[in-house]
Amino acid sequence: MELYLAGGVGEHGRNCFLVEGQEFSFLVDCGKMADTPADPYPRLYKEQIRRLDAVLLTHSHGDHTGALPWLHSMGFKGKIIAAEETLVQLPFPVEQAITLESLCPQGIGTYGNVCIRWGRSGHCAGSVWYHFTEGEKSVLFSGDYTEDSLIYACDPIRGQQADVAVLDCAYGNDETDFDTACHAVLTATQSMLDDAGFVLFPVPKFGRGLELLKLLSDAMPNISYYGDDVFLAQATKQRQGGYWYKQTTIAVKPALYTGQKRGVLFISDPQLRTPDVRQIAEQVRTFGGQAIMTGTVERNSYSEACIRQGWMKQVRYPVHLCFSQYQQLKAVNQFQGSIPYHTPVFASPAWIHF
């Protein structure tokens, strides 16, 4: 087997990994880089793309899936394989899709001559990790991974053997632990509520928004919570329960935002890209509300401008691993080699032979 790092190692975004087996060639993820509009796509050649049999997705976020339309335009004719929930979340149509649940029931199956194992990764509904075996060679991909999620189920990666493991290390050398990070979010939110009465949280369509709702509403049950249509739809799914969620409850049911001026609002666009979302953000700023960004801020985004102007604050809510957690994950498995991905802090050679 050979592993080619087409993106996502030594950088934050463009996550894309090419696995070349003896009879089978596939990608794990095919993400787009938001910070480099002149060079956003994975570093793949047309010959590599045309040889691909499949793309397996770890989850739906754009830095893992955003380059799929480009891949098709470059000649890709293979299958898209992902959890059913991930396929539903994609913002573009996907042809020749296969659900993981049908291909690998009970978390194990085969495609071509490759054995596939997968488990839930705790990052969002539909997010998974993969273990691939061809003959005597194997490689593991954690995907975006956390065992600390308040909402999403995780099947911990334990006792796995692999020649190479590509592991989440998005937070690099930032060693802030989960409880400390949660306390910081709660403290900042309470301070803004005391000061302004209203806090805006721009969040991804799928993922940490529900985590924040759980965290905040458990600590501040008497606050009014609001969301846009996308956020409310995800909250409804969580209340209904199911395979992707922990057996936990969010006692507070958020309401649709219609211009209220006191409370907490979740809006499903972390970089505030669309005009409608920007209009809401400006409305919140006009009446004196404040905002908290809990994820990565993209360069030249509207959210970056809001932080620079001083009315939005960045307070990270952890949904990835840092380097010490990356090391801990290695220690409870048997990997002959490992590669930290999703961070600019650590680099690696582009080709890995094993």
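Whatever comes next refers back to the structure up there.
Engineer: For this particular structure, what's the right way to read the layout of surface pockets?
Structural biologist: Empty space among the atoms becomes apparent when a probe as large as a water molecule is rolled across them. There is about 1,200 Å³ of room inside the largest pocket. The element best represented in the lining of the largest pocket is helix 2 (residues 62–65), accounting for three residues. Per-class residue counts for the lining of the largest pocket are 14 nonpolar, 20 polar and 11 charged.

Engineer: What is the right way to read the pattern of salt bridges from this model?
Structural biologist: Any two side chains of opposite charge can pair, given that their charged atoms come close. Considering all chains together, one arrives at 13 salt bridges under this definition. When the shortest N-O distance is used, the salt bridge between Arg299 and Asp35 registers 3.8 Å. Taken together, the residues Arg299 in the loop between strand 16 (290–293) and helix 10 (302–309) and Asp35 in the loop between strand 3 (25–30) and helix 1 (46–51) connect sequence positions 264 residues apart. We classify Asp35 as partly exposed; its relative accessible area is 24%. Between Glu304 and Arg308 there is a salt bridge, with the nearest N and O atoms lying 3.8 Å from each other. One end of the pair, Glu304, and the other, Arg308, are both in helix 10, four residues apart, so they sit about a helical turn from each other. Assessed through its relative accessible area of 63%, Arg308 is described here as exposed. Among the charged side chains, a network of salt bridges with common partners joins Glu11, Arg14, Asp39 and Arg43.

Engineer: Would you mind going over empty space enclosed by the protein with me for this structure?
Structural biologist: All told, the structure shown has three cavities of 30 Å³ or more when counted by the stated rule. There is about 50 Å³ of room inside the largest cavity. In terms of lining, the largest cavity is formed by Tyr152, Pro204, Lys205, Phe206, Gly207, Gly209, Leu210, Phe231 and Gln234. Elements represented by at least two residues in the lining of the largest cavity include exactly helix 7 (208–219) and helix 8 (229–240). Per-class residue counts for the lining of the largest cavity are five nonpolar, three polar and one charged.

Engineer: Any chance you could explain the nonpolar core here in plain terms?
Structural biologist: Nonpolar side chains in soluble globular proteins generally cluster together in the buried interior. Within the largest apolar cluster, 67 residues are counted, with the highest numbers of intra-cluster contacts made by Leu3, Phe132 and Phe266. When residues of this core are assigned to their parent elements, the largest contribution, six residues, is made by helix 6 (residues 178–196). If we ignore the near neighbours within four places in the chain, the residues touching Phe266 are Phe201, Val203, Gly209, Leu212, Leu213, Leu216, Tyr225, Tyr226, Gly227, Asp228 and Phe231. Within the second largest apolar cluster, 21 residues are counted, among which are Leu18, Cys30, Val55 and Leu90.

Engineer: Quick question: what am I supposed to make of the sheet that holds strand 2 (residues 16–20) here?
Structural biologist: In a beta sheet, neighbouring strands pair by backbone hydrogen bonds and run either parallel or antiparallel. Spatially, 6-5-4-3-2-1-19 is the arrangement adopted by the seven strands of the open sheet, whose pairing is mixed. The sheet is open, and its two edges are formed by strand 6 (97–99) and strand 19 (351–353), each paired on a single side. The average undirected angle you get between the axes of adjacent strands in this sheet is 20 degrees. Across five bridges, strand 2 lies against strand 3 in antiparallel orientation. If you follow Glu20 over to strand 3, its bridge partner there is Ser25.

Engineer: Looking at this structure, I do not really get the packing of helix 7 against helix 8. What am I missing?
Structural biologist: In a pair of packed helices, the angle between the axes and the distance between the axes together describe the arrangement. Taken N-terminus to C-terminus, the directions of helix 7 and helix 8 make an angle of 70 degrees; their axes are 10 Å apart at the nearest point. If you check the angle between helix 7 and helix 8, you find them roughly perpendicular. Residues Gly209, Leu210 and Leu213 of helix 7 lie in contact with helix 8, whose contacting residues are Phe231, Gln234, Ala235 and Gln238. Among the residues making up the contact of helix 7 with helix 8, the classes are represented as four nonpolar, three polar and no charged.

Engineer: Hey, could you run me through unusual backbone geometry in this one?
Structural biologist: Among all residues except glycine, the phi angle is most often negative; among peptide bonds, the trans geometry is most common. The phi dihedral of Gln106 is positive, around 65 degrees, even though this residue is not glycine. Although it is not a glycine, Leu272 adopts a positive phi angle of roughly 55 degrees. Of note, Leu272 is situated in the loop between strand 15 (263–267) and helix 9 (275–286). A relative accessible area of 0% means that Leu272 is categorised as buried.

Engineer: Which parts of the structure should I look at to understand the pairing of strand 1 (residues 2–7)?
Structural biologist: Consecutive side chains of a regular strand alternate in pointing toward one face of the sheet and then the other. Of all six residues that make up strand 1, five are buried, and the element is covered over most of its length. Bridge count between strand 1 and strand 19: three bridges; the pairing is antiparallel. Along strand 19, the bridge assignment pairs Glu2 with His353. Sheet analysis places strand 1 next to strand 2, joined by five bridges and oriented antiparallel. Along strand 2, the bridge assignment pairs Glu2 with Glu20.

Quick notes on the rules
- Residues numbered from 1 in each chain as written.
- Predicted model: local features only at pLDDT ≥ 70, side-chain atom pairs only at ≥ 80, totals over all residues.
- Heavy atoms only, no water.
- 1 Å grid on protein atoms, 1.4 Å probe; cavity = no way out; pocket = protein on both sides within 12 Å on 5 of 7 lines; lining within 4 Å.
- Points joined across faces, edges and corners; volume = space filled by probe spheres on them.
- Helix = DSSP H or I, 4+ residues; strand = E, 2+ residues; numbered from the N terminus.
- Nonpolar A, V, L, I, M, F, W, Y, C, P; charged D, E, K, R; others polar.
- Salt bridge = Lys/Arg side-chain N within 4 Å of Asp/Glu carboxyl O.
- Buried < 20%, exposed > 50% of the residue type's maximum accessible area, 1.4 Å probe, protein only.
- Core = buried A, V, L, I, M, F, W, Y, C linked by side-chain atoms within 4.5 Å.
- Contact = heavy atoms within 4.5 Å.
- Pairing = 2+ DSSP bridges.
- Axes fitted to C-alpha atoms, helices over the stretch in contact; angles between N-to-C directions.
- Parallel < 35°, antiparallel > 145°, perpendicular 65-115°, else oblique.

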